[in-house]
Structures are given as C-alpha cells and as structure tokens.
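Chain by chain, the residues run as shown.
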Amino acid sequence: WPYCRKRCSYCNFNTYVVPAVDEAAVRACLVREAQTLLRLGQVHSVTSVFFGGGTPSLASPGTVGAVLEAVAGAAHLPAGAEVTLEANPSSTCTSRLAGFRAAGVNRVSIGVQSLDDAELRMLGREHTAAEARKAVEAARGLFPGRTSIDLLFGLPGQSWDAWAQRLEAALGLCDDHISLYQLTLERGTALAAQVRRGALPTPPQDLLADMYQTARTVLLAAGFRHYEVSNFARKGALSTHNLSYWRADQYIGVGPGAHGRFVPRGEGGCSREARVQTLEPVAWMREVQSQGHGTRSRAVLSPMEQLEELLTLGLRTDEGITHERWGHFSPQLSLQAVFGAPGEARALQQQGWLVLDSGGLRCTWAGLAVLDSLLPDLLCQLQR
Amino acid sequence: PQCNTADPLKALVFDSTFDHYRGVIANIALFGGEIAKGHKIVSAHTKKRYEVNEVGILTPNEQPTHKLYAGQVGYLIAGMKEVTEAQIGDTLFLYKQPVEPLPGFKSAKPMVFAGMYPVDQTEYNNLKSALERLTLNDSSVTVHRDSSLALGAGWRLGFLGLLHMEVFNQRLEQEYNMSVILTAPTVPYKAVLSSAKLIKEYGKDQITIINPAQFPDKLSVSEYLEPTVLGTIVTPHEYIGKIITLCQDRRAVQKDMLYIDENRVMLKYLFPLNEIVVDFYDALKSLSSGYASFDYEDAGYQSADLIKMDILLNGNPVEELATIIHNDKAYAAGKLLCERLKETIPRQLFEIAIQAAIGKKIIASETLKAYRKNVVAKCYGGDITRRMKLLKRQAEGKRLMRKIGNVEVPRDAFIRVLKRETDK
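Residues numbered from 1 in each chain as written. Chains lettered and ligands numbered in written order. Predicted model: local features only at pLDDT ≥ 70, side-chain atom pairs only at ≥ 80, totals over all residues. Heavy atoms only, no water.

(A) Quick look at the domain arrangement of chain A. All names here are of chain A. Split into domains, chain A comes out as domain 1 (23–244) and domain 2 (303–383). Summarising the inter-unit geometry, the C-alpha centres of domain 1 and domain 2 are found 28 Å apart. Each partner contributes to the interface: domain 1 provides eleven residues, whereas domain 2 provides six residues. Taken together, both faces of the contact between domain 1 and domain 2 bury some 850 Å²; the carbon and sulfur share is 54%. Per-residue buried area on domain 1 facing domain 2 is highest for R216, E228 and V229; these three make up 51% of the total on that side. Across the domain 1-domain 2 interface, the total number found is two salt bridges. In this structure, D318 engages R225 in a salt bridge whose closest nitrogen and oxygen atoms are separated by 2.7 Å. For the side of domain 1 that touches domain 2, the secondary structure elements donating two or more residues are α8 (205–221) and β6 (225–228). (Domains from an automatic or database assignment. Contact = heavy atoms within 4.5 Å. Buried area = accessible area lost by both parts, 1.4 Å probe. Salt bridge = Lys/Arg side-chain N within 4 Å of Asp/Glu carboxyl O. Helix = DSSP H or I, 4+ residues; strand = E, 2+ residues; numbered from the N terminus.)

(B) Representation of the interface of chain B and chain A. Counting residues at the interface gives 26 residues for chain B and 40 residues for chain A. For the chain B and chain A pair, buried surface summed over both sides reaches about 3,200 Å², with 56% attributable to carbon and sulfur atoms. Contact with chain A buries surface across chain B, with L349, R372 and K373 of chain B losing the most and accounting together for 22% of the total. The tally of links from chain B across to chain A stands at 13 residue pairs in polar contact (both at pLDDT 80 or more). Among the elements that line the side of chain B that touches chain A, the one with the most residues is helix α8 (residues 382–399) of chain B, at eleven residues. Class assignment of the residues belonging to the side of chain B that touches chain A gives a composition of eleven nonpolar, five polar and ten charged. (Polar contact = N/O pair within 3.5 Å; in protein donor to acceptor, adjacent residues only side chain to side chain. Nonpolar A, V, L, I, M, F, W, Y, C, P; charged D, E, K, R; others polar.)

(C) Representation of the pattern of salt bridges in the model. Overall, the coordinates contain 37 salt bridges over all chains when judged by the stated rule. Ionic pairing is found between R362 of chain A and D357 of chain A, a salt bridge with its closest N-O pair at 2.8 Å. Measuring nitrogen to oxygen at the nearest pair gives 3.4 Å for the salt bridge that ties R22 of chain B to E54 of chain B. Of this pair, R22 of chain B sits in the loop between β1 (10–19) and β2 (23–32) while E54 of chain B is found in strand β6 (residues 54–58), placing the two residues 32 residues apart along the sequence. Overall, the relative accessible area of 34% leaves R22 of chain B in the partly exposed class. A network of salt bridges, in which partner residues are shared, links D206 and D210 of chain A together with K369 and R372 of chain B. (Buried < 20%, exposed > 50% of the residue type's maximum accessible area, 1.4 Å probe, protein only.)

The following block contains the structure:
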C-alpha cells in the first residue's frame, strides 16, 4: 500500500502522501496484478503473504480481504499460511485490527520505532509513545504470539544510556518478535539533511557498534533468537515471509515499487528473474488496467548472480546457507568445493568470523556484525 | 623594422604548431632576404638542413604564397617531423649563407615544479607524445624524465607558476584526453660514501640518489648533499618581514640584503632546492600581493642532514611511500602522510597502526580503528539489487588491492597520498 499520511523524516521508501486515495481503483489493480502475476509464475501454492508499504494499515480491511481472496483464487493459500500486515500505531485501534483479522490477516508488525516522545518527534512519526504502547497491546490481544514491533537505534544524539532505557521499555511491551534496525541516514531525507548541515549530530561509529552489541546481548538474555542481522524472535515466532527472502525462495511483488524474484513459467520462462513494479501509483494503475500487471523492469538472473544473492542474503541469518539450499542453485559445485579450499573463506574461519561445517556456511556471532566486510572477499572467491 | 630583401635570409621562428599530415608548421618573421619553396635552409639552433615545402601568410588561415620577403610575417613548412626541430626563438638561414643568430626569446625560469605520471603505465607513451606536442607550443615548460616506485615512469615538469601548471594540466585533459597524477617532485640528492664496499659497488665515492630505495645508510656515508639555489627576491619594503620569515621557514640562509631604492629591497638567499620546488613561488606572491619577484640560479650542493623516512603499516614498510627529507622537516611531513593515509585506507577487521619512522624510531603515528559493526540493517526488496551492485564493486576493488602485511590498501591510496595539495 504505497500511501502514507505523512513522510517520516528518515524515510526513503516508495511511498506517496496524497490528499485522497481512490481506494476502489487501487484495490481493483492490486487484485488484478496479483492474479496476473500468480498465473505468470504458475504458482501452485502460496506460503506467506506480506502487506507492506507505505502504511498498509491505512487501507481498509476490505481491500486486504479482496487481495487475499484473489490470491486464494489464483493459487492455493493454505489456512495456516502467514499473512502479515504492517501497521502504524496511529491507525491501529482494536476495531480496525479486528477488521483486518477477519479479512485474513494473522500477524501484525507495528512500526513503533521508539518509545520516547522526543525521539518520535525527531523521526517525524505521527504517534506518541503512549499511542504506540496502546497499539501493541491491542495487537497482542488480537494476534497473540504473532505481533512484531519495529525499533530504531542510533538516532542522532541518542546516548548509550538512552538506548538501554528504550530497550528495556520495549522488552516490557513486546510480544515474541522484534525487528531492530540501525537508523540509516539516506540521501534525500529530511533527517539526513539536518545531520549534514550540523543541526543534528552524527552518531559515532563506535557508539553504534556498542548499541548493537548491547541489544543483541539483552535480547538474547530475554530468550530471543537472533535469527537475522536485524530480526529477533522467541518461542519460534520467526517471520516466514522474510525468511523466504534470505533463503532466496521465490516471491512475487504486487503493487507500485514492489520487488519480486520468480520464474515466469506461464510465458515459457525457465530462469529466475528479478522484477520491479512501476513505482508511481498512477502510472502503475494505468499499466495494470491495460496489461494486467505493471512490471517496470525484469532481468534474468544468471546462475552466478543467483548464487551471489544467495550468499549475500543467506549469510545474514544465523542458520546461514545449508548445503541443500546451495545445491539447489549450484548442483555442480558444492559449498565445500567453493569455500572449503584454501582461500578467503578459510582465512575468515581462522579469524573466527565464519563457520563451514556439516550444517553449511554461516557467520559466527561476531562475524554477523561485520558481514559487509566479509562479503567482498567471499564474492571474490566465488567468482574464481 | 629595418630590413632588406637583398640581405641574406634571416628568419625568426616565433611560434610553431604541429600538423599530423604536414608536419611542423613554423611561424616566422623575416628580418632579411626572402624565402620560397625549394630553398634549402638551416636552423641555427639544431644545425639541421631542410628543404622548404611551402611558405605562406596567415590571414589568419594559412594561405600559401610563392615567396615571403623581408619584413613579412608568415609560416613555413619544411619537412620537419619532430616537434623539437622548430624551437621558438630559433633563427633560420639559407644553406650557403649563415648569419648571426637573432637574439631569441630569453627562456623564462620555471618556478613551480611537479611530478607528472600517467594514471596507468600503459598510458606512458600516449602521455609522452601529448607532452611533446603541448610543449612545442609552450616552450616555457621544462621537462625532465623521472620515476617513482609507486607511480612508475614519469616526468618532472617546471612551470612559470601554479596557474601555468593548472592550465597545462587542463589542456592535457581537454586537448589530449589525458588524465595524470601530479605529485610533489623529487630533487637529486648526493651522498659521499665512506664504506669501501659501496664505493667499489658504485665505482665512485660520490653517488646521486634519485630513488629513496637507493639511499645509503648513515653508517656508510660521510656526508649527504642536497642541491641548492641562490635566490634573488626583489620586493617592496613593507613585505620584508613576512618574506624573511618565509625564507627562514624554508631553511634558507640570507646572503645579502640591500635597498635598491627608497621603496624596494633586494634579498639574496641560499635555498635548498627541495624547499622551493613545490609552492614557494606562490607563497611568496601571495605574501606580497604579487609585488615580489623571484629569480634563482643553480648554486651547487651543500651538506645536509638528510634522512630516509619510511612509512609503516602494522610494522610493515611501504616502499612506495618512503621519502628522503631533511631531518628538520621530517616530523611535519611524516605526520601529514600518516593523516592522509588514515583517510585513504579503508577500515578493516583489525586495527591498523600507520607510522612514519626514521630507522627504528617512530616519529609520527595514526591509528585506524577496526570495524566493530559493518552490516546493512535492512535488506529487502529493492535494497537487494542495489546491495549486490555495491558489493560486486567492492569485490572488484578488493581484487585490485595491494596487501602490505595483512593490510589491504587500494591501488589509488598511494596516489592520493602523494598528490600535491592543489588548494592550499
């Protein structure tokens, strides 16, 4: 759902703030594109659905329901499949959430970001900490064990102590899944501009490292499993949908700016393609209406490129890349053959950043925090 | 100007251009005699003989004529192939009738020097011909061959000023599509050897050191020598104080000071050459709002307390960055190099100690901290494609990196560190 009521100061997503949304038209296009692409991928069964954006909780439950119905009609949507909706605390009153649940949503991700009002103002969020708390509680009531919260750390001017307090507050409130993101100052955002001109301080690198380590340790102690760079879950409440990204499964992106990775068997394709839908909603709707889908770009991924993606994304998880998963993309060359021989991977193993064993290739606890320093070396080795 | 067509041919070359198809086109002014196609002429400077292919006038386009007469100004093509054959200021005369060479232009002394190297050694020949062609039309640029461990074979160029250098550089880029690396130049040092073994090796007891790698150890040397120049500065008296400070800062020794008239002073200082080659002239000019003038002449060699300064990364020396420098200036230069290196070497998974050392003694040091967190927070959707592009570029970069000990250094780090500061 590519619309928001206002743009947060740090956001650079493909989202639009418009005075009025023709919901019926958008709904019809989402439905149409979902059907077209599902047929194009000759999808037999859908494992999970994720409503992102924008602010999906601004869409009406009716729209969500219509899309789910379309999905169920074009492919098999098992009863227990994970259906997540991203929600903003300012549009998540209990009745609304109940409406989403009735429409088929069974998991919610609440964009809390911070539990401090001053920080929320700096981030340009629409809600207060109190409103965020209420939203999470409402969500937990309707989706027990299936509520996630998003948190940001490393805000300009945030001290380590302040972060420690936020963490504690969040732990008292959260359910069994937390997505914890280091704030990235993206070019073109209001917040980045403020920092650049000196109105706000740049967070020092070492402090960010400390904050991240603290979070990992604290969450671990609270029973969470750090299963991906930025995602923590306890009692097995992992996000199935996001796991499919990091395992390089197939996924279809529907809606303006959505991304997909699948094989378009419906038109005779046999290779995994990287696809992006048209970014701008009006243009996207026109294309969907005339051609059934608004795919702006599609590029076949070579076997090498697929392996590179698998490597880059797979190592973000604690499970890493299993031998089976690797074999699916590289039947001739095993993980052992590529990374077991003397070379970069062996050196990184010796330095304690990486592990290659019967379980596959994965980062150590320490290695996960510096993954981007390990990847170029591994990519070099893979290319050879 | 007084001249006579009956006199023997006397032509002054005042400019020249190079044409790919027709060869060198020399612009000439005739001070005597006449010249036409078929005449055999000689260059006073090179003593080479040529046959005239074409003469003509410039209107401003070239217009061939039958003959050129004394008093006229035009052009001449005489089968000269090399750019160096038509020296500006040269005199041309007929084969059988040598004349007194005209007083040519006095060559201006270069004031600003720079090392110039091609970005990649494969471009060396291209740069060589580009330089030859550019200097044909600009004879005030002096060119000497030079080489550096880090950057390969190149040149040491002399310019009339910083602006001259910048314009030259721009012309290279625009007209010849050459991008180059400009560095602070090296000067030829000497050492008087005291070790019998080394004297035997070199065959003499005094050697010229061009390369820091050749720098003989203090124990084998009885004396180090650096080239000096005697500089003459003429300035309005209000700038004397600042100029004296500048000269003292450059290790210069005052040799003379006298008032030329009630406003202007002439100062004579003995400078070590390496102190003036980079930016002395421009510093002098800006101190004096442009009023001070500077001239210099070679003044031989003087004894100097020279040392070889090494740069170490985690204890491993980086050969390409070793410099020969005067002891007094070592600390400042070492510190600057370390700071610049800290900014150009990317952070790695371990701490990097960047040190400047003389022998075993560390004189300056910077520390580049290790990465404790380096992983992108969010990686969904569009981020993935972008991420892959960035990572692949980094992987490419890694392949081009040099490994010094366990430290990975990008190829262009040395270049960035050795480059002159173009905006001070």
